[in-house]
Amino acid sequence: MGIFLLLVSLLCIAAGTWQLIGLIKADEPPPPGSKPLWIIITGIGVVLFFLLKIFADPM
């Protein structure tokens, strides 16, 4: 389960960051709602990563 969460979180972070950089570098304005969507996807990846770190560390 831990490796699955790690892969999903890394995929969300990589895809979200890649799309955000593409939207920022584009000459034309982005479609409405696309920037917040990719920010949310990147944020979900970061949250999943921290949840994995919290639950994987022994107390």
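Anyway, here's the lowdown on the structure attached to this text.

Rules behind the numbers
Residues numbered from 1 in each chain as written. Predicted model: local features only at pLDDT ≥ 70, side-chain atom pairs only at ≥ 80, totals over all residues. Heavy atoms only, no water. Helix = DSSP H or I, 4+ residues; strand = E, 2+ residues; numbered from the N terminus. Buried < 20%, exposed > 50% of the residue type's maximum accessible area, 1.4 Å probe, protein only. Polar contact = N/O pair within 3.5 Å; in protein donor to acceptor, adjacent residues only side chain to side chain. Expected span 1.5 Å × (residues − 1). Contact = heavy atoms within 4.5 Å. Patch = residues over 30% accessible without salt bridge, like charges linked within 9 Å, V, L, I, M, F, W, Y side chains within 5 Å. Areas by Shrake-Rupley, 256 points an atom, 1.4 Å probe, with all protein chains shown as cover. Salt bridge = Lys/Arg side-chain N within 4 Å of Asp/Glu carboxyl O.

## Let's talk about the side chain of Ser-34
Alright, step 1. With respect to the helices, strands and loops of the structure, Ser-34 is situated in helix H2 (residues 34-56).
Alright, step 2. The class for Ser-34 is buried, based on a relative accessible area of 13%.
Alright, step 3. A polar atom in the side chain of Ser-34 sits 3.0 Å from the backbone oxygen of Pro-31.

## A few points about H2
Alright, step 1. Taking 1.5 Å of rise per residue, 23 residues should cover 33 Å, and H2 covers 33 Å from first to last C-alpha, within 8% of that figure.
Alright, step 2. For H2, every residue scored as buried is listed here: Ser-34, Thr-42, Gly-45, Leu-48 and Leu-52.
Alright, step 3. On its buried face, H2 sits against helix H1 (2-25).

## Regarding a nonpolar patch on the surface
Alright, step 1. A surface patch of nonpolar side chains, about 420 Å² in accessible area, is lined by Val-47, Leu-51, Ile-54 and Phe-55.
Alright, step 2. When you line up the elements, Leu-51 lands in helix H2.
Alright, step 3. Residue Leu-51 is classed as partly exposed on the basis of its relative accessible area of 36%.

## A closer look at H1
Alright, step 1. Along its 24 residues, H1 runs 34 Å from first to last C-alpha, staying within 8% of the 34 Å computed at 1.5 Å per residue.
Alright, step 2. Among the residues making up H1, those that are buried are Ser-9, Cys-12, Gly-16, Leu-20 and Leu-23.
Alright, step 3. On its buried side, H1 packs onto H2.

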